[in-house]
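Take a look at the letters that make up each chain.
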Amino acid sequence: MFGKLKEKLKSALSIFSRKAEEEAQEKVILPEKPLEEKKESPPQKVIEKKKEKVKEIHNVKPEVPPKQALLEKKEKQKPAEKPITTEKVIPTIKSESPPPSEKKSFFGKLKEAITTRTISAEKFNDLFWELEVALLENNVSVAVIEKIKDDLKQELVEKPLPRDVETKIRETLHRTLQEIVSFEKIDFMQTISSKKPFIIAFFGINGSGKTTSIAKLAYYLQQKKMSIVLAACDTFRAAAIQQLEEHADKLGVKMIKHEYGSDAAAVAFDAVKYAEKNKIDVVLIDTAGRLHSNTNLMAELEKIIRVTKPHLKIFVGESITGNDCIEQARQFNELVDLDGCILTKADVDEKGGAPLSIAYTIKKPILFLGVGQKYGDLQEFQPELVLKQLGL
Ligand SMILES: Nc1nc2c(ncn2[C@@H]2O[C@H](COP(=O)(O)OP(=O)(O)OP(=O)(O)O)[C@@H](O)[C@H]2O)c(=O)[nH]1
Ligand SMILES: [Mg+2]
């Protein structure tokens, strides 16, 4: 599902890195620190240099002991106060005394040590644009893009540009995304084993994949040897009860239902009572699709929650709708304080921005990804896998 984003990221990152290298400005930093660092340069180098000088002097006047030769040289470097007396020495001194160029090279080297290539905040914003567009095009939310931008800025702006810019950028992006997708991970099996019956309610807009995800989760739990009861609380949409019933029959699990148009909270209540009486491990509550703006249905949802006190309230959203899905999750979260989410249709989502953004937006974890229409097409969400699939 991250194929397209991975490709875009790869090219945007290499363009970003190349441009950063090209556009970086030479900057001389002159505070005390670099000068101190210079002082700390390996004494061996100084010794070597001195040795070389001594050697040169030796070549000219082998009989002079090195120390004396150096002193003599120093003396001769002093401007004309002491007239040069022997003609023989003059050319030697000329060639061996540090000529202006050598003096320059010393300062040149010092400058090199404290000269560094940096990117200004303004330049960074220009360079980031390409990456920003790639992320936006792939459904990454604005908030996540801002976080990526801030973290990269922190590492790159007005800082010495590292030798391998691309690696630095990749490392920073990896760290940021890891932080984003790993938001408060829940050990699902451990959590649902903590109570009996464990009650989970599912919400979301119409057609987001609630009923299918419930059937997949029932199958998943059956594989883990858990017993399940389904609550057909979508008494609103025609054929919704039959749809869940078909799954219940296929999977061989009990389903509690009432008439169409009846009180959804009463169905949920009965399902919990049935689970308590029959020592069922998990109650899965299917609800009607609704928009957060539908006051009646939202009131009904609040009633289901009040009556059954679910241990997990899960938002089911379609990954392919990207920012719309994130916005819905945010609105549902405000109204019913979600515990996590399931992102469906990840198998047809080529962009992959929603899984990167949703947990960061609602500060609740992604528990599962729906990756197809078969019962087995439910994957536990693994943040590490996302980063791997993004090539980071
Ligand atoms: N490709 C794919 N299709 C899915 C996935 N999950 C659900 N679907 C399909 O999405 C459609 C809607 O799924 P439902 O489970 O009925 O959605 P719902 O949220 O219960 O819908 P309402 O009850 O009408 O609100 C069905 O055709 C499902 O087969 C998925 O992970 N991948
Ligand atoms: Mg449904």
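What counts and how
Residues numbered from 1 in each chain as written. Chains lettered and ligands numbered in written order. Predicted model: local features only at pLDDT ≥ 70, side-chain atom pairs only at ≥ 80, totals over all residues. Heavy atoms only, no water. Helix = DSSP H or I, 4+ residues; strand = E, 2+ residues; numbered from the N terminus. Buried < 20%, exposed > 50% of the residue type's maximum accessible area, 1.4 Å probe, protein only. Contact = heavy atoms within 4.5 Å. Near = heavy atom within 4 Å. Polar contact = N/O pair within 3.5 Å; in protein donor to acceptor, adjacent residues only side chain to side chain. Areas by Shrake-Rupley, 256 points an atom, 1.4 Å probe, with all protein chains shown as cover. Pairing = 2+ DSSP bridges. Axes fitted to C-alpha atoms, helices over the stretch in contact; angles between N-to-C directions. Phe/Tyr/Trp six-rings, centres within 6.5 Å; stacked < 30°, edge-to-face > 60°. Salt bridge = Lys/Arg side-chain N within 4 Å of Asp/Glu carboxyl O. Parallel < 35°, antiparallel > 145°, perpendicular 65-115°, else oblique. Left-handed = near helix turned anticlockwise from the far one by under 90°. Core = buried A, V, L, I, M, F, W, Y, C linked by side-chain atoms within 4.5 Å. Domains from an automatic or database assignment. Expected span 1.5 Å × (residues − 1). Arc of directions from axis to C-beta.

Chemist: Let's hear about the overall build of the chain: which residues, and what values?
Modeler: Secondary structure summary: the chain contains 17 helices and 10 strands in total. Burial statistics for the chain: of 392 residues in total, 44% are counted as buried. In the chain, the share of contacts with a sequence separation of at least 24, taken over all contacts with a separation of at least 6, comes to 76%.

Chemist: Tell me what's going on with the site of ligand 1, and back it up with residues and numbers.
Modeler: Every one of the 20 residues lining ligand 1 counts as a neighbour, but Lys210, Thr211, Thr212, Asp347 and Gln373 are closest to it. Note that an oxygen atom of ligand 1 is positioned 3.4 Å from one of the backbone N or O atoms of Gly289. At a separation of 2.5 Å, an oxygen atom of ligand 1 approaches a polar side-chain atom of Gln373. Look at ligand 1: alone it shows 650 Å² of surface, and the protein chains cover 83% of it. It is helix α11 (residues 210–223) that provides the largest number of residues to the shell around ligand 1, a total of four residues.

Chemist: Describe the sheet that holds strand β6 (residues 282–286), and please don't skip the residues or the numbers.
Modeler: An order of β5-β4-β6-β3-β7-β8-β9-β10 is seen for the eight strands of this open sheet, with the pairing classed as mixed. On the outer flanks of this sheet lie β5 (254–256) and β10 (378–380), each paired with one strand and no other. Averaged over all adjacent pairs, the angle separating strand axes in this sheet is 25 degrees, with direction ignored. Packed on one face of the sheet, helix α15 (residues 323–336) meets β3 (198–203), β7 (312–318) and β8 (340–344) and runs near 160 degrees to β7. Of the strands in this sheet, β7, β8 and β9 (366–370) are in contact with helix α16 (residues 353–362), which crosses β8 at around 160 degrees.

Chemist: For the packing of aromatic side chains, give the residues involved together with the corresponding values.
Modeler: Across all of its chains, the model carries seven aromatic pairs by this definition. Consider the rings of Tyr220 and Phe368, whose centres lie 5.2 Å apart with planes at 75 degrees: the pair is edge-to-face. Separated by 148 residues along the polypeptide, Tyr220 in helix α11 and Phe368 in strand β9 bring together distant segments of the chain. When its relative accessible area of 12% is taken as the criterion, Tyr220 is described as buried. When its relative accessible area of 1% is taken as the criterion, Phe368 is described as buried.

Chemist: Lay out the side chain of Asp281 with the relevant residues and their values.
Modeler: Among the secondary structure elements, Asp281 is positioned in the loop between α13 (264–277) and β6. Only 3.1 Å separates the side chain of Asp281 from the side chain of Lys196, close enough to count as a polar contact. Polar contacts involving the side chain of Asp281 include one to the main-chain amide nitrogen of Ser227, which spans 2.9 Å. Excluding anything up to four places from it in sequence, Asp281 contacts Lys195, Lys196, Pro197, Phe198, Lys225, Met226 and Ser227.

Chemist: Describe the pattern of salt bridges, naming the residues involved and giving the relevant values.
Modeler: The full count for this structure, using the stated rule, is 18 salt bridges. Between Glu130 and Lys19 there is a salt bridge, and its shortest N-O distance comes to 3.6 Å. Here Lys19 lies in helix α1 (residues 3–23) and Glu130 lies in helix α7 (residues 121–137), a separation of 111 residues in the sequence. A salt bridge links Glu245 to Lys257, with the nearest nitrogen and oxygen atoms 2.9 Å apart.

Chemist: Go over the environment of Phe183, please, and point to the residues and values.
Modeler: Along the chain, Phe183 turns up in the loop between α9 (165–181) and α10 (188–192). Taking C-alpha positions, Phe183 is 9.8 Å from Ile362, a pair spaced 179 residues apart along the chain. Those residues in contact with Phe183 that lie beyond four places of it in its chain are Ala359, Lys363, Lys364 and Pro365.

Chemist: Quick one: what's the story with the packing of helix α8 (residues 142–156) against α9, residue by residue and with numbers?
Modeler: Packing of α8 against α9 leaves a shortest axis separation of 10 Å and a crossing angle of 140 degrees. In terms of orientation, α8 lies oblique with respect to α9. Between α8 and α9 lies a crossing whose hand is right-handed. Where α8 abuts α9, its residues Val144, Lys147, Ile148, Asp151, Leu152, Glu155 and Leu156 lie against Lys168, Ile169, Thr172, Leu173, Arg175, Thr176, Leu177, Glu179 and Ile180.

Chemist: I'd like a rundown of the nonpolar core, residues and numbers included.
Modeler: If you look at the biggest cluster of nonpolar residues, it comprises 72 residues, and the most contacted ones within it are Phe16, Leu131, Leu152, Ile285 and Ile358. Considering every element that reaches this core, the biggest residue donor is α13, with seven residues. In terms of domain composition, this core takes at least three residues from each of domain 1 (11–26 + 116–181) and domain 3 (188–382). Those residues within four positions of Leu131 in sequence are excluded, and the remaining contacts are Leu9, Ala12, Leu13, Phe16 and Leu152. Judged by nonpolar contacts, the second largest core, of 31 residues, contains Ile241, Leu312, Ile342 and Leu367.

Chemist: Which residues make up α9, and what are the values?
Modeler: With 17 residues, α9 ought to run about 24 Å at 1.5 Å a step, and its terminal C-alpha atoms sit 24 Å apart, in line with that. Of all the positions in α9, only Val165, Ile169, Thr172, Leu173, Thr176, Leu177, Ile180 and Val181 are classed as buried. The arc that holds the buried residues of α9, viewed along the axis, is 150 degrees, so those residues lie on one side. Buried residues along α9 sit against α1, α8, α16 and α17 (383–389).

Chemist: Quick rundown of the environment of Gly261? Include the residues and the values.
Modeler: Take Gly261: it is sitting in the loop between β5 and α13. In this structure the C-alpha to C-alpha distance between Gly261 and Phe236, which are 25 residues apart in sequence, comes to 5.7 Å.

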